[in-house]
Amino acid sequence: MSKTLTWRYLVIVVLLGWAIYSLWPTVKYELMSETEKTELKEEGNLLELESQIIKRGLDLQGGMHLVLEVDVPEFIKKIAEHQSAAYYDYISAVDALYEENPEEDYLQIMLEKAEEDSLRLSRYFPAERGRTDNRAVVENLQDECEQAVVRAEEIIRNRVDQFGVAEPVIQLVGNQRIIVELAGIDDPQRAKDIIHNTALLEFVLLKDAEYTQDIISRIDAAVKRINPDEITAADTAVVSQETSSDKEISVSELLGLEESDTTAGDSSVLVDEKIAAEKPFSALLRNLGWDIGVPKENYYAVNRILDDPEIKGILPNDLRILFSGDTRKVETNDGRTVEFHTLYFVNREPGLTGDAVNEAKAELGSVSSEQMGQPIVNVRMNAEGTQKWARLTGANVDKRLAIVLDNRVQMAPRIQNKIPNGRTVIEGFANLQEAQDIEIVLKAGALPAPINIIEERTVGASLGADSVRRGVNSVLIGLALVALFIIFYYRGAGGIAITTLILNILFVLSILAALRATLTLPGIAGLVLTMGMAVDANVLIFERIREEYAKGKPIRSAVENGYSRALVTILDANLTTLITALVLWQYGSGPVRGFAVVLFWGIIFNFVSGYFISRTIFISFSHGKKPLKKLSI
């Protein structure tokens, strides 16, 4: 055996050994029954095995695909430093223009409106020192938005990692969007909630009773102005403390809307007939001791009133009106059980936010606590948060403090005394899993900006299994058709081509397993395309060999010249496709990237197997002790 063949054989053996070693965990996993997988999971060894196999994309395994977009208008409002009446007038005008032209850039609308009104944006928004003109402020806001998206991507990645999804795809697209792909998840809704929730935790003081009463009176008066024809004189309390006399009317009737203004969400509401005429908003509310209740039937109507531009215009700038996170059931005097939302009137600025949270732990309340057996989240503040918490609780003893999560009040306890140790408890969860989800998002941190889901796709496990079956069938059918053609046309040399083609597929799957890459349906398409390109290389080589052989040259010389003449053409074809695959890999996303990964490695191993290994086989036959006397090509 010549030295040339010795090193060639050694390289091929090493490649085959590596391929078998890389693919064995995948083969082992696919051959295991569900019972065996369960046993391995109980032993704690399944996770290690799964980390070594070829991962399936969500189109093959089932899962969820989300496209998230940062809510720029809400983020801009969040970072405003000074919020005066003039600011709210300006922002309302910008919002109105944006609603008319949602495709326009919100920041550009802000700039144009500010220039039109001769308004200095530096009064309300952060600006770089020495650059306070409106254009510079808007450029600074643009940078803030882009940084918020990057931070949001990191936080979403942390949340997904804690949720326990294997091999998630989380990718920035442009300067406002994030793509999230989660393969093999069992509970898509829970995953979506964990990713999407802003997780903005706030500790906010409630307004006192007199202030709240005044606001409700203002809203009553405003609703009467909206619908004066439906109002008749009456004189009753604002929030009824008597047994209510409920009457069912429509939201449109309450607000005096035209028929064309109603929506599919318009429904009947329960109003207290005793006070509906004079105080139409109060008629939608009920007294629940220290709280204001909104019957579930009235939730839509109350929301619609509070969202009315005229109502918003009369509310003070330092006020937020929030609902409870869940409903509570109350039994009325006549024995009925009514479901209520709770309405809270709180300060706009929080006394403390979730940034101060150092640790969060979900658990069931201990036997000795007031929350015995209830799902709770124990929260501990950092050093700075502990000081603020002590000052906040110490200065507001006997006042109520709302614990707000994503603009929903989880609970609103009364401050009994100063809390110096920086600890508190959040309760009001439906079950322990909900508390654990809140623990995850609090640990990962709040999203720097609200996130909207603009695209959502869910692939079921059965559809994924069907995709796998069809994908495998496509590869096998393609391989069989190529094998029939190549053997029919090139005879014995065709057998060598098929051998290298199978090795090419083996090597591509091996590198996917070794790199812990994910195989997708477009990836299988890339594998089929790779097979075609491998055959193309063999056709070029075999045609050159046939030309040399037809000239009467010996087999050894025909093989050497054939491979040498075909090399430049093969390199040219493979190099251009390789560059294309690299561009798709770098700049593509989702299915495009899955296709590019397989195509890239297919081209690399196409050269290894289609040129190097096939040449080694030809050399072995033509340079051996008993060289071929006739070439079957």
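The paragraphs below set out a description of the structure included in this document. What you see as residue numbers is a count from 1 along each chain, following the sequence as written. Owing to the predicted nature of the model, reporting of local features is limited to residues with pLDDT of at least 70; listing and counting of side-chain atom pairs is limited to 80 or more, with chain, interface and lining totals taken over all residues. Processing note: side-chain calculations cover all non-hydrogen atoms of the structure and skip hydrogens and water entirely.

## Some points on the pairing of strand 9 (residues 291-295)
When a strand is regular, its side chains alternate between the sheet's two faces.
Phase 1: Three labels apply to residues, based on accessible area from a 1.4 Å probe with only protein chains included: buried if under 20% of the type maximum, exposed if over 50%, partly exposed otherwise in between. In this text, helices come from DSSP runs of H or I with a minimum length of four residues, and strands from runs of E with a minimum of two, each type numbered from the N-terminal end. Counted residue by residue, strand 9 has five buried out of five residues, so it is predominantly covered.
Phase 2: Residues D291, G293 and P295 of strand 9 are buried on one face, and the alternating residues I292 and V294, pointing to the opposite face, are buried as well.
Phase 3: Strand pairing is assigned whenever DSSP detects at least two bridges linking the two strands. The turn joining strand 8 (residues 286-288) and strand 9, which pair antiparallel and follow one another in sequence, is formed by two residues; a positive phi near 70 degrees is taken by G289.
Phase 4: Bridge count for strand 9 against strand 12 (residues 337-347) is four bridges, and the pairing is antiparallel. Across the sheet, I292 pairs through a bridge with L343, a residue of strand 12.

## Things to note about the side chain of K37
Phase 1: Locating K37 in the fold gives a position in helix 2 (residues 34-43).
Phase 2: Working rule for contacts: check all heavy atoms of both residues, and any pair within 4.5 Å makes them a contact. Excluding anything up to four places from it in sequence, K37 contacts Y29, M32 and L46.

## Details of the sheet that holds strand 18 (residues 423-426)
Phase 1: With respect to topology, three strands assemble into an open sheet ordered 14-15-18, the strand pairing being antiparallel. Of all strands in the sheet, those with a lone pairing partner are strand 14 (357-364) and strand 18, marking the two edges. Averaged over all neighbouring strand pairs, the angle between strand axes comes to 20 degrees, with direction disregarded.
Phase 2: Strand contacts of helix 14 (residues 383-395): strand 15 (375-381) and strand 18, with the helix running at about 105 degrees to strand 15, the strand carrying the most contacts. Think of each axis as a best-fit line through the C-alpha atoms, taken over the contacting stretch in the case of a helix, with angles from 0 to 180 degrees between the N-to-C directions.

## A word on a negative patch on the surface
Phase 1: A contiguous patch of negative charge on the surface is contributed by E36, E39, E42 and E43.
Phase 2: By secondary structure assignment, the location of E43 is in helix 2.
Phase 3: Judged by its relative accessible area of 54%, E43 falls in the exposed class. Residues enter patches when their relative accessible area tops 30% and they take part in no salt bridge; the joining distance is 9 Å for like charges and 5 Å for the nonpolar side chains Val, Leu, Ile, Met, Phe, Trp and Tyr. Every accessible area reported is derived by Shrake-Rupley at a probe size of 1.4 Å, with residue values counting cover from the shown protein chains alone. A pairing counts as a salt bridge when a side-chain nitrogen of Lys or Arg comes within 4 Å of a carboxyl oxygen of Asp or Glu. Charged residues are defined here as Lys and Arg on the positive side and Asp and Glu on the negative side; His and the ends of the chain fall outside this count. By convention, the charge on Lys lies at NZ, on Arg at CZ, on Asp at CG and on Glu at CD.

## Looking at helix 6 (residues 85-100)
Phase 1: Expected span of a helix: the number of residues minus one, times 1.5 Å. For helix 6, built from 16 residues, the straight-helix expectation of 22 Å at 1.5 Å per residue is met to within 8% by its first-to-last C-alpha distance of 23 Å.
Phase 2: Inspection of helix 6 places Y87, Y88, Y90, I91, V94 and D95 among the buried residues, and these make up the whole buried set. Buried residues in helix 6, looked at end-on, bunch into an arc of 160 degrees, giving them a common side. For helix 6, exposure combined with an orientation more than 90 degrees from the buried face picks out D89 and E100. Each C-beta atom gives one direction from the helix axis, and the arc is the one those directions make.

## Digging into unusual backbone geometry
Phase 1: In this structure, D398 is a non-glycine residue whose phi angle is positive, near 75 degrees.
Phase 2: Position of D398 relative to the elements: it lies in the loop between helix 14 and strand 16 (401-405).

## With respect to the pattern of salt bridges
Phase 1: For the structure shown, the criterion picks out 20 salt bridges.
Phase 2: Note that D214 is salt-bridged to R218, the shortest N-O span being 3.2 Å. Taken together, the positions of D214 and R218, both in helix 10 (residues 209-226) and four residues apart, correspond to about one turn of that helix.
Phase 3: Taking relative accessible area as the criterion, D214 reaches 36% and is therefore assigned partly exposed.
Phase 4: Note on R218: relative accessible area 36%, which makes it partly exposed.
Phase 5: In this structure, R328 and D291 form a salt bridge, with 3.2 Å as the shortest nitrogen-oxygen distance.

## Quick notes on the nonpolar core
Phase 1: Nonpolar core, defined: a set of buried Ala, Val, Leu, Ile, Met, Phe, Trp, Tyr and Cys residues in which side-chain atoms within 4.5 Å join the residues together. Grouped together as the largest cluster of nonpolar side chains are 58 residues, with contacts concentrated most on I541, F542, I545 and F618.
Phase 2: Per-element accounting of this core gives the leading share, twelve residues, to helix 17 (residues 492-514).
Phase 3: When residues no more than four places from it in sequence are discounted, the contact partners of F618 are A493, I496, F542, I545, V559, Y563 and L631.
Phase 4: By size, the runner-up hydrophobic cluster in this structure holds 44 residues, among which are A80, V94, V160 and L447.

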